[in-house]
Amino acid sequence: MANTEGMGASPRRKEDQRFLIGKGRYVDDIDVPHQAYGYFVRSPYAHAKILGVDIAAAAAMPGVIRILTGADVVADKLGGLICGWMIHSKDGSPMKAPPHPILAHDKVRYAGDHVALVVAETKAQAKDAGEAVVVDYEELPAVVNLATAQSAGAAQIHSEVPRNTSFEWELGDKAGTEAALAKSARVITFDLINNRLVPNPMEPRAALGVYDAGTDSFTLYTTSQNPHVARLVLSAFVGIAPEHKLRVVAPDVGGGFGSKIFIYAEETACLWASKKVGRPVKWTCERGEAFLCDAHGRDHRSHAELGMDENGRFTALKVKTVANMGAYLSTFASAVPTYLSVPLLAGQYATPVIYAEVDAVFTNTAPVDAYRGAGRPEATFLLERIVDIAADETGIDPAELRRRNFITTFPYQTPVALQYDVGDYNASMDKALEIADYAGFPARKAEAAKRGKLRGIGLSAYIEACGVAPSKLAGQLGAGVGLYESAQVRFNPTGNVQVFTGCHSHGQGHETTYAQIISEVLGVPIDAVEVVHGDTSSVQFGMGTYGSRSGSVGGSAARKAAEKIVEKAKKIVAFRFECAAGDIEFDDGVFTVAGTDKKMSIQEVAFAAYVPHNYPLDELEPGLNESAFYDPLNFTYPAGTHICELEVDPDTGVTTIVNWTAVDDFGRLINPMIVHGQVHGGIAQGIGQALLEGCIYDEESGQLLTGSFMDYCMPRADDLPSYKVDFTETACSHNPLGVKGCGEAGAIASPPAVINALCDAIGCRDITMPATPEKVWRAVQAKRRPLAAE
Amino acid sequence: MSQTVSLTVNGKAVTATVEERTLLVQLLREQLGLTGTHVGCDTSQCGACVVHVGGRSVKSCTMLAVQAAGQDVATIEGLAKDGQLHPMQAAFREHHGLQCGYCTPGMVMSAIDMVKRHPSPDEATVRHELEGNICRCTGYHNIVKAVIAGAQAMRG
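With that out of the way, let us pick up the overall build of chain A. Helices and strands together make up the secondary structure of chain A, namely 19 helices and 28 strands. For chain A, the C-alpha radius of gyration of 28 Å lies close to 28 Å, the compact-globule estimate for 790 residues. Of all 790 residues assigned to chain A, the portion counted as buried reaches 60%. Relative to all contacts within chain A whose residues are 6 or more apart in sequence, the contacts with residues 24 or more apart total 80%.

Further remarks concern the overall build of chain B. Scanning chain B from N- to C-terminus turns up 5 helices and 5 strands. Starting at the N terminus, the α and β elements of chain B follow one another as β-β-α-β-β-β-α-α-α-α. A compact globule built from 156 residues would reach a C-alpha radius of gyration of about 15 Å, and chain B, at 15 Å, matches this within 12%. Principal-axis analysis of the C-alpha atoms places the extent of chain B at approximately 45 × 30 × 25 Å. A separation of at least 24 residues holds for 60% of the contacts in chain B among residues at least 6 apart in sequence.

Another point: the domain arrangement of chain B. All names here are of chain B. Domain boundaries assigned for chain B yield domain 1 (2-78) and domain 2 (87-155). A C-alpha centroid distance of 21 Å is found between domain 1 and domain 2. On the domain 2 side, the residues contacting the 15 residues of domain 1 number 11 residues. Mapped by element, the contributors of at least two residues to the side of domain 1 that touches domain 2 are β3 (50-53) and β4 (56-59). Per element, the largest residue contribution to the side of domain 1 that touches domain 2 is 3 residues, and it comes from β3. Looking at the side of domain 1 that touches domain 2 residue by residue, the class counts come to 6 nonpolar, 8 polar and 1 charged.

All names here are of chain A. Take N659: it is sitting in strand β27 (residues 655-665). Under the C-beta neighbour-count criterion, N659 is labelled buried, with 20 such atoms within 10 Å. Counting along the chain gives 14 residues from N659 to E645, while the straight-line C-alpha distance between them is 5.0 Å. Discounting chain neighbours no more than four positions away, the residues touching N659 are A436 and E645.

With that settled, consider the packing of helix α15 (residues 550-577) of chain A against helix α16 (residues 602-610) of chain A. Residue and element names in this part refer to chain A. Running from N to C, α15 and α16 cross one another at 80°; their axes reach a closest spacing of 10 Å. Between α15 and α16, the angle is such that the two are roughly perpendicular. Packed against α15, whose contacting residues are A569, I572, V573 and R576, the element α16 presents I602, V605, A608 and A609 at the interface. Looking at the contact of α15 with α16 residue by residue, the class counts come to 7 nonpolar, no polar and 1 charged.

Residue and element names in this part refer to chain A. Spatially, β18-β26-β27-β28 is the arrangement adopted by the 4 strands of the open sheet, whose pairing is mixed. Strands at the two margins of the open sheet, each flanked by one partner only, are β18 (454-463) and β28 (724-728). Averaged over all neighbouring strand pairs, the angle between strand axes comes to 15°, with direction disregarded. In this sheet, β27 lies alongside strand β26 (residues 639-648) in antiparallel orientation, the contact comprising 10 bridges. Across the sheet, A639 pairs through a bridge with D665, a residue of β27.

Taking 1.5 Å of rise per residue, 28 residues should cover 40 Å, and α15 of chain A covers 39 Å from first to last C-alpha, within 8% of that figure. A positive backbone phi angle near 55° is found at E578 of chain A, which sits one or two residues after α15 of chain A.

All names here are of chain A. Over its 13 residues, helix α7 (residues 265-277) runs 18 Å from end to end, which matches the ideal 18 Å to within 8%, given 1.5 Å per residue. Summarising burial for α7: 10 of the 13 residues are buried, a large majority. Within α7 the residues assigned to the buried category are A265, E266, E267, T268, A269, C270, L271, W272, A273 and S274. In the segment just after α7, G278 is the residue with positive phi, at about 70°.

What follows is about the sheet that holds strand β8 (residues 186-194) of chain A. Residues and elements named next belong to chain A. The strand order β7-β15-β14-β13-β8 describes an open sheet built from 5 strands, whose pairing is mixed. Strands with a single pairing partner mark the edges of an open sheet, and in this sheet they are β7 (165-172) and β8. Strand-to-strand twist across the sheet, computed as the mean angle between neighbouring axes with direction ignored, equals 10°. Bridge analysis of β7 against strand β15 (residues 353-362) gives 7 bridges, and the strand direction is antiparallel.

To describe two helices that pack against each other, one gives the angle between their axes and the distance between the axes. Residues and elements named next belong to chain A. Interhelical geometry of helix α17 (residues 672-692) versus helix α18 (residues 745-762) gives an angle of 40° and a closest axis separation of 7 Å. Regarding the angle of α17 to α18, the classification is oblique. In this structure, α17 meets α18 at a crossing whose hand is right-handed. Between α17 and α18, the contacting residues are V679, H680, G681, G682, I683, Q685, G686, I687, Q689, A690 and L691 on the first element and A745, G746, A747, A749, S750, P751, V754 and I755 on the second.

To continue, consider the interface of chain A and chain B. Facing the 41 residues of chain A at the interface are 44 residues of chain B. Going through the elements one at a time, α1 (16-20), α8 (287-293) and α17 of chain A are the ones with two or more residues in the side of chain A that touches chain B. Ranked by the residues each element gives to the side of chain A that touches chain B, the list is headed by α17 of chain A, at 7 residues. Considered class by class, the residues forming the side of chain A that touches chain B number 18 nonpolar, 13 polar and 10 charged.

With that settled, consider the pairing of β18 of chain A. Residue and element names in this part refer to chain A. Most of β18 is tucked away: 10 of the 10 residues are buried. Along β18, one buried face is formed by L454, G456, G458, S460 and Y462 and the opposite face, lined by R455, I457, L459, A461 and I463, is buried too. Across 10 bridges, β18 lies against β26 in antiparallel orientation. Within the sheet, the bridge partner assigned to G458 lies in β26 and is C644.

All names here are of chain A. Under the domain assignment used here, chain A contains domain 1 (16-22 + 484-630), domain 2 (31-140 + 202-255 + 260-293) and domain 3 (300-468 + 634-789). For domain 1 and domain 3, the distance between their C-alpha centroids amounts to 40 Å. Domain 1 puts 17 residues into the contact, and the matching count from domain 3 is 19 residues. Counting only elements with at least two residues in the side of domain 1 that touches domain 3, the list comes to α14 (510-522) and α15. Within the side of domain 1 that touches domain 3, the residues separate by chemical class into 3 nonpolar, 11 polar and 3 charged.

Residue and element names in this part refer to chain A. Relative to the helices and strands, V675 resides in helix α17. Considered as a pair, V675 and Q508 are 167 residues apart in the sequence and their alpha carbons are 9.0 Å apart. Leaving out residues up to four positions away in the same chain, V675 has contacts with F666, L669 and C742.

Thresholds, definitions, all that
- Residues numbered from 1 in each chain as written.
- Chains lettered and ligands numbered in written order.
- Predicted model: local features only at pLDDT ≥ 70, side-chain atom pairs only at ≥ 80, totals over all residues.
- Helix = DSSP H or I, 4+ residues; strand = E, 2+ residues; numbered from the N terminus.
- Rg over C-alpha atoms; globule rule 2.2 N^0.38 Å.
- Buried ≥ 20, exposed ≤ 12 C-beta atoms within 10 Å, placed from the backbone.
- Contact = placed C-beta atoms within 7 Å.
- Domains from an automatic or database assignment.
- Nonpolar A, V, L, I, M, F, W, Y, C, P; charged D, E, K, R; others polar.
- Axes fitted to C-alpha atoms, helices over the stretch in contact; angles between N-to-C directions.
- Parallel < 35°, antiparallel > 145°, perpendicular 65-115°, else oblique.
- Pairing = 2+ DSSP bridges.
- Expected span 1.5 Å × (residues − 1).
- Left-handed = near helix turned anticlockwise from the far one by under 90°.

Structure below.
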């Protein structure tokens, strides 16, 4: 019997009911008795010495319970925040990861840096008192511009980091690449900026730290994508409490996009303060604060050289990137421009040699870390832009040039570390070209011209690597932890199932998709499956959700645990019917003894498992509860082609996207409805990067100029089109589900598709992101003027 | 200074003591425990806090609690009747118009108000009307589908 709720079906989401009736439970919705409120005093300067902090007047204000400063952090010997991925420079030296204190002590290094925590009876009282904390600053020159941050004249942000350079890293064959470039018939050069973004999940971060003096233990409610990693860092590195005395709960979380992976100062300080004041301490970020101090994304400057032979085949690629780290190294900041980005520079192409250098540079800006795609959008943007420039310069059609260079045999070892297991790049591009009616574009362009509009079309044939793996390789590359995932499947005696996963759902729909995985293996309806996540006291361990890993890694762990359930159940059935376990067959929730009419439903087995009287205990234990740790054998490689078609109004510079086609190969799909939604959201963020969003600091003062939704242009419903989304499928060869991951693809694929289409429409070589109406209008005028002069 | 304010919330008479500076959203969330209404920004841009006051959609982060005195306020918690989702809520579920759920209450409240004014909205109308509600997850595609379907269901 076909399972209508298993893999490949699109049951509606189990989690939706509570969100739709207003019963979601986000951190700010949680109140505990006797709680106090925290407010952070933040630096108004980008770079300054702290000469003194006077809290006397503030401490005397109504409702103030305690004001904690950097001096208290030092006195309590509290550890700082860490960066969990060690990168070594070309010369073998380890990256420079200067201290990242919970509260600044001697110096502040970005506007918004944390200086003091005011704890008061009410939020308003904490805020009022925060205004009265007097900090004596000696302002220092701010380092803002990435292009000059490494120069001798730039101020030094950390005393132990000369030239503000954390590391100078490389990957690939330098000599081979340079030799191949020298012999190439043509070399395309391209300089680009990958614009800085603010992740802006709609739920601002929040934390509620609770200390229980009776048990000397802590509970932290926090907006986290990975509560176990938070507990590990808070315990092992910050030193708040040992793990068995520290429970971290990430309840409903309103979006993350990477920004809630990291362990920040605020939740750390609230937890620490809860013991110092003997009261629970709650902090909820305001949007303005989020702009200042959530980790930002992207912010790379790159120079690229692509060699080609006379037939348009790529001969070599050489890239130099300077990556902005902000003021401190955030939790995974060092991995983003290096191992999460450079290995993707092969893209879908059989470029024989590649060499890339990355300098990681400190500036007096908020820390920069992973944001949806994390390194892969940066690599894809560079590659898919330079390929289009190459197409333009050689006169080869952009689709044809891509096709000429596609990898077509698998497995394929790239020159930059990765081995692609499966893929069919022609299939996804052909399907996209067909859906987008690529062949009919010239007619549409001509029709638009009659209406006075400039119409353009742009392709992006992307690849990404998801589910960072295997742990052994990640460790060799510097990851501080292995990147497996754990799951536990527990059958209750009455036949329902709880699945405990170390991944965290904050919009991805795991409560439905994991139930589908379990339903497929165990033959139980998804309504009988509850997915439990986000609480270190329920779930054994986990690495959390990021890098599109929850399906391929977390889902595989869930499947592995479910398969162990089946194996255990077979032993129980064999005992019941006095036959060999090898004679038991299982299909769609029913165990049968081969060749007989003896059968038991899995629910009957579950009940039997918990009420036995006579199990041979050395062979068969009671219970039906299995756990698994799944460590992937390789990354997964989602890939596909996105096509953007747009129109520019030459008089206003306004760009309107008129068609969007996405054809992605995510391997097998667990829930196509949810996959569509993930693709839509990713594309929207990518269009946001390409046309709307840009985080800007004042170059002199280091003040954030785009600090609200009125200054930072978030994509809104009327900025975006509807999307045509379709799929091709080559199943992942090395995980039990055949899935690859879908959460980031849209954000990776879309920015170059938009800019390629814009350049096609305007007839220009490049336009920087975000391509605002002003920039587009200027680009249009620049093309017009020489024409007018002719 | 505190003040007493009386209003109707989801059909029930409510009296509360608030400061003059207390916002309507603070009254709803912190005093009445109606945490379905969310706060997503400080600048009246995102629409996560949309409720109905006197039958019209209002950003409750931009209205003082005392301004709601004597008014009829409806929040996301008041929409479902007898365990049955409102047709707009049901349409969001059916068309996968929500992911993380944070913007959802404001989206649904805005959508219902929109349909009162535009009983059969087309895609362009829906997109224009939702300009004051930001979603970071869905890319709006499925929200637009849900609102159009919800409008149809509300027409019956």
